[in-house]
Protein chains: 2
Amino acid sequence: MNDFFPVADDEAVAIARILANDHVADVVEALNHESRETATELLCAVPFERLVEIFDQPELESAPELAEALPRSKASKLLTAMSVDRAADILRELDEPARSELLGALAPPLRATLLSILGYPEGSAASIMTTEFVSVPSDWTVGRTLDYIRKVERTRETVYAIYIVDPQTHLLVRSTGLRRLITGEPDDPILSVAPDRMPVTVTPLTDRENLAQTISKYDLLAVPVVDHGKILGIVTIDDIIDTMIEETTEDVHRFGGMEALDEPYMKMSFLAMIQKRAGWLCALFLSEMLTANAMQSYESELEKAIVLTLFIPLIMSSGGNSGSQATSLVIRALALREIGLGDWWRVALRELPTGLVLGSILGVVGVCRITLWQYFGFYDYGPHWPLIAATVGTALVGIVTFGSLSGSMLPFALKRIGFDPASASAPFVATLVDVTGLVIYFSVALVILRGTLL
Amino acid sequence: MNDFFPVADDEAVAIARILANDHVADVVEALNHESRETATELLCAVPFERLVEIFDQPELESAPELAEALPRSKASKLLTAMSVDRAADILRELDEPARSELLGALAPPLRATLLSILGYPEGSAASIMTTEFVSVPSDWTVGRTLDYIRKVERTRETVYAIYIVDPQTHLLVRSTGLRRLITGEPDDPILSVAPDRMPVTVTPLTDRENLAQTISKYDLLAVPVVDHGKILGIVTIDDIIDTMIEETTEDVHRFGGMEALDEPYMKMSFLAMIQKRAGWLCALFLSEMLTANAMQSYESELEKAIVLTLFIPLIMSSGGNSGSQATSLVIRALALREIGLGDWWRVALRELPTGLVLGSILGVVGVCRITLWQYFGFYDYGPHWPLIAATVGTALVGIVTFGSLSGSMLPFALKRIGFDPASASAPFVATLVDVTGLVIYFSVALVILRGTLL
C-alpha cells in the first residue's frame, strides 16, 4: 500500500481511493516516496477535505513546492482551510513572487494573522504557534462554553484547552480542559471548573528548546503564547515533538563536526552535502596545521629521539577522547538546564580530579605496555626505556587532564560569546587539544630526557 | 521560592504552605535541590492529595527512596492513589524486601496489575503504560459514555481518548476523543462519533524509540497497548516526551565516547563518573596502541625522512574528522528510519564520491600550505619538497575517503551484529581510522618518495 507508481489516467481513480482511505500519516509517507510530478498529479485527484488533512501533516516533504504546483485558486482555498501554523510554515519556505501572490489571494483577516506569524524569527514560539484555540470570557457558564465548542469544533488543534479571558480587558486569567468542563453543571460559571491558578505561558520569543522544556516540565498538551497578558496563539505538543526530533538531529550532526543538514540524508543533493561538510572540515584542517608548526619547532628533539614519535598518535588521541567525553557531558547538562553558565567553576572543579584519575589510569596502562614490549623483546626502546616510559606516562596524565578540562570548558566559552554550546563538536575539541597535547608531550620529554636522549 | 533550607519545627507550617500552593512541577524542582532527609521531612508535612501529585511527577528524583522513607501505611496509600505507571516505576527501582513489603500491602487487583507491568522488560511499551484509561462497550450511547466519564474522572491520564470495545469479546474496535463525544446527541450510539477506522496501536513489547515514532507520526496524545486484540493500557504523550529527552541524553553521551550517565552530571558520584568514562577510554587507548606498532614498522623510513612526521597529526585528524561527520549522519538517519540496514551499499555509494571530493579539497589546501611555507621561507622541507607536498596531498585524499567510508559503515556493522548503532562514537571512528591512516600515509610516501628521500 505504500508504493505508488506513475499512473495512467484510468488508474487515477484507484489511487485516489487509496489516498482517501488510508491513515493520513501513511498517505504522506507514500507521497514522500514519489517524484514531485507524480505527487502533484495524485494530489489533484484527491477530495479537497483530504487534501487539507495531507497538507496539515508536518511530515509532508516539499509541501511548499507542492502547494505552489497546485492551481492558484485551489492553493489559496487550501491555505484558508488548513491549520494556521502549518500554513505559515508553507508560506515561510515559498520564494517570491509565489508567496506574495498566495498571500494576496487570502481573506484580509487571515492574511494579517499569517503576516504577523511570519514576522517572528524562525524557531520562536510565535513562529510555530497556531491561532486556532478556544478562548471564552470569564463571565460565561459551562453550558454556554460547551455549546460554543460544539460550534467551533472544526480543527483538531482546538481540543487541547479552553482559555478564559477577562471580558473587558481580554487578558488571560485562567485555563481549563474539556475533561473538567464536562464535569460541571451547565449553569455553573466557567471559572468554577478552572484550577485556581494562572496557566503556565510563554512569550512570543521563547525559543524552541525552552518551549519543549516548559511543556515537558508541566506536562502540558499545549502552552499559550502570551504578549502583555493577551493570548496570541498556542503551541501544541505534537509540534513540540516534531521540533524535538529536528533539534536532536541538528545536535548530532553538529557534534559530528559539520553543519546540520536540513533534509534527509539520502535526499540531500551531492553539492549541498559537500558544502555542509567541507566548511568545518577545512576550518579544523587549518587549525590542526598548528600541529605541524609545533612539530617543526621540536624537530631537533625529534631527530635525536625518533622513538618519541612512535607515541604521538596514541597520546594525542587520548587527549581528544577525554575531551570529547567531557564536552558531550557538559553540552547535554547545559541543554537540560542541569547547569548554567555560572556553574563553569563547579564543572572545572569536577573535571580536574576526574581528568587526573583518568589520565593516571591511562598512564599506568601506557607504562605497562612499554615495559612489557621491552621485557618480552617485541621492540627495543633503547637503554633509556624506563625514562621513555616515564615520559609517556606523565604526558598522558597531563594531556588527559588538559583534555577533560578544556573539553568541559569549551561549551561554556561558546555559550558565553553567544554561540550555541552544541557547536563544540568532538572534532573541534580534538583539534583544540591536539596542539597543546604535543607541547605538553615534548615539554615533559625535555624535562625527563634531558642529559640522556635529548 | 525555589530554595528551602533545613527547617526548624516552627518553619514547617510555612514550608508546607509553599508545597501546597506552587505549581507541582516547581515544588518538585525545589525538592530535588534538597537533601533526602529534608525532602522526606517536608513530604511528611504535605496534605495527602498534594503528596500524590508530587509523586506522580516523573521529574521527582529519588522517588523510590523517598517513598521507602515514608511510613509504610502512608506509602501503600500513596501507591494506590497515584497513577499506575508511576507506581510501577517506583516499585521497579526499589530493592527487596521493601518492594515485596509494599506490594503485599496493596489491594490484590492493583497488586496483580502492578506485577504484570513489572514483568515486562524495561523500556517496553507495557513497562511504561498506565492502566487507567476509559473503555466502554460499543453498544453504549454518547450520553451514557459522558455520564461514565464524569464519574470516573479522577486521574489526569483518562483525558486522552475513549476506547470502544466489543461488548462480548472485549476486543478493541474503535477509539474516539472527548471533543468528538461532546458534539454528539446524548441518544446517538457511541460508534456514531468515532472515526470509521481501527485506532493505531502498539504491542506490549514495542520499544521506546518505535513508540515515540508512532506517536509523533500519527500525532496521537496516547497510544493503546494491545495484546491479541485486547487493550492492556495506554502510553501517554507526556511519558514519551520524558523518554525522548532521556534517549537523546544517552545518545549524546555515547557519541562522546562513554557510557551514558543515568543521573544528572552534577549529582553523579565521582567514582561512578570515573567508571562510566574509564572503560571506553581504556578500550580506545588499547586500540590506539596499534598506531605505535604501525609507527614502529615504519621506523627506518621515519629515520630517513623525519620531515614526514611533521604531518602525522594533521593527516590522522583529518581522517577522524571526516569519519566523525559520516558517522553522525548515518546514526541519525538510521534512528529516524530514513535508511535501513539494507541501504548500506547506497550509503557507501554516496560516501565514496563525497570522501574523494572532501579529500581533494583538503589535499589542495595541504599542498598550498607546504608550497607557501617553502616559498616564503617559513620552513625548509628540503630539495624534494614538491614530492613531500604530493605525498601529503595524495595521502589526504586516501585518508579522508577511507574515513568517510568507514565512518558511515561502522553504524551499519554495529547494528548488523546486534549492537546499538549509536555506540559508534566519534572517538571510536577516529581510533578506527587512525591506524589505517598511518598505513595509507606511509604507503603513499613509499611510492612517491622511493629513490629520493626513502
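Residues numbered from 1 in each chain as written. Chains lettered and ligands numbered in written order. Predicted model: local features only at pLDDT ≥ 70, side-chain atom pairs only at ≥ 80, totals over all residues. Heavy atoms only, no water.

Caption draft 1: How the structure looks around the relation of the copies chain A and chain B. It takes a turn of 180° to lay chain A on chain B, together with a shift of 0.1 Å along the axis; the resulting RMSD is 0.3 Å. Here the transformation between the copies is reduced to the relation of a two-fold axis. Taken together, the interface assignments show that 100% of the residues at the interface of chain A recur at the interface of chain B, consistent with an identical surface on both copies. (Least-squares fit on C-alpha atoms with pLDDT ≥ 70 in both. Contact = heavy atoms within 4.5 Å.)

Caption draft 2: Geometry of the packing of helix H15 (residues 270-297) of chain A against helix H18 (residues 344-375) of chain B. One way to put it is that H15 of chain A packs onto H18 of chain B with a least axis distance of 9 Å and a crossing angle of 35°. Seen from above, H15 of chain A lies across H18 of chain B with right-handed handedness. Of the residues belonging to the contact of H15 of chain A with H18 of chain B, the class tally is 17 nonpolar, 4 polar and 4 charged. (Axes fitted to C-alpha atoms, helices over the stretch in contact; angles between N-to-C directions. Helix = DSSP H or I, 4+ residues; strand = E, 2+ residues; numbered from the N terminus. Left-handed = near helix turned anticlockwise from the far one by under 90°. Nonpolar A, V, L, I, M, F, W, Y, C, P; charged D, E, K, R; others polar.)

Caption draft 3: Spatial organisation of the domain arrangement of chain A. Here chain A is described as being made up of domain 1 (9-119), domain 2 (134-239) and domain 3 (265-449). A separation of 52 Å is found between the C-alpha centroids of domain 2 of chain A and domain 3 of chain A. (Domains from an automatic or database assignment.)

Caption draft 4: Quick look at the sheet that holds strand S2 (residues 162-165) of chain B. All names here are of chain B. Read from one edge of the open sheet, 3 strands run S1-S2-S3, paired in mixed fashion. Looking at which strands have only one partner, the edges of the open sheet turn out to be strand S1 (134-137) and strand S3 (172-176). Across this sheet, the average inter-strand angle for adjacent strands is 30°, counted without regard to direction. Against the sheet, helix H11 (residues 142-152) touches S1 and S2, its axis set at about 150° to S1. (Pairing = 2+ DSSP bridges.)

Caption draft 5: Spatial organisation of the nonpolar core. Formed by 108 residues in total, the largest nonpolar core has its most connected members in Phe55 of chain A together with Phe55 of chain B. Apart from residues no more than four positions distant in its own chain, Phe55 of chain B is found in contact with Leu43, Leu60, Ala63, Leu66, Ala67, Leu70, Leu78, Met82, Arg86 and Ile90 of chain B. Formed by 80 residues, the second largest nonpolar core is a distinct cluster that contains Tyr298, Ala305 and Met316 of chain A together with Ala278 of chain B. (Core = buried A, V, L, I, M, F, W, Y, C linked by side-chain atoms within 4.5 Å. Buried < 20%, exposed > 50% of the residue type's maximum accessible area, 1.4 Å probe, protein only.)

Caption draft 6: The interface of chain A and chain B, seen in detail. On the chain B side, the residues contacting the 117 residues of chain A number 118 residues. At the boundary of chain A with chain B, total buried surface from both sides reaches about 10900 Å², with 67% on carbon and sulfur atoms. Among the residues chain A hides against chain B, the three largest losses belong to Arg179, Tyr265 and Arg350 of chain A. Together they make up 8% of the total. On inspection of chain A and its partner chain B, the count reaches 6 salt bridges. Here Lys217 of chain A ties to Glu29 of chain B by a salt bridge, and the two come within 2.9 Å at their closest N and O atoms. For the pair chain A and chain B, the interface holds 38 residue pairs in polar contact (both at pLDDT 80 or more). (Buried area = accessible area lost by both parts, 1.4 Å probe. Salt bridge = Lys/Arg side-chain N within 4 Å of Asp/Glu carboxyl O. Polar contact = N/O pair within 3.5 Å; in protein donor to acceptor, adjacent residues only side chain to side chain.)

Caption draft 7: A look at the UniProt feature "transmembrane region" (unreviewed entry) in chain A. Residues and elements named next belong to chain A. Taking the UniProt record as the reference, the feature "transmembrane region" (unreviewed entry) is found at residues 356-376, 388-414 and 426-449. Secondary structure content for residues 388-414 is 100% helix and 0% strand, and the end C-alpha separation is 37 Å. Taken end to end, residues 426-449 is 100% helix and 0% strand, and its two terminal C-alpha atoms sit 33 Å from one another. (UniProt positions renumbered as here; feature names shortened; annotations may be inferred.)

Caption draft 8: Here's a closer look at the sheet that holds strand S2 (residues 162-165) of chain A. Residues and elements named next belong to chain A. Here 3 strands make up an open sheet; going across it, the order is S1-S2-S3 and the pairing mixed. Of all the strands in the sheet, the pair left with one neighbour each is strand S1 (134-137) and strand S3 (172-176). In this sheet, adjacent strand axes meet at a mean angle of 30° when their direction is disregarded. When S1 meets S2, the two strands line up parallel, connected through 4 bridges. In the sheet register, Pro137 faces S2, and the bridge partner there is Val165. Of the strands in this sheet, S1 and S2 are in contact with helix H11 (residues 142-152), which crosses S1 at around 150°.

Caption draft 9: Quick look at the packing of aromatic side chains. All told, the structure shown has 21 aromatic pairs over all chains when counted by the stated rule. Note on Trp140 of chain B and Tyr148 of chain B: the rings are 5.5 Å apart at their centroids and 85° apart in plane angle, and the pair reads as edge-to-face. Using a relative accessible area of 28% as the deciding quantity, one classes Tyr148 of chain B as partly exposed. For the ring pair Trp373 of chain B and Phe378 of chain B, a centre distance of 5.1 Å and an interplane angle of 75° mean the geometry is edge-to-face. Residue class for Trp373 of chain B comes out partly exposed when judged on its relative accessible area of 22%. Of note, Lys77 of chain B hangs over the ring of Phe48 of chain B, and the distance from its end group to the ring centre comes to 4.4 Å. Across from the ring centre of Tyr265 of chain A, 5.6 Å away, lies the NZ or CZ of Arg350 of chain B, which sits over that ring. (Phe/Tyr/Trp six-rings, centres within 6.5 Å; stacked < 30°, edge-to-face > 60°. Lys NZ or Arg CZ within 6 Å of the ring centre and 35° of its normal.)

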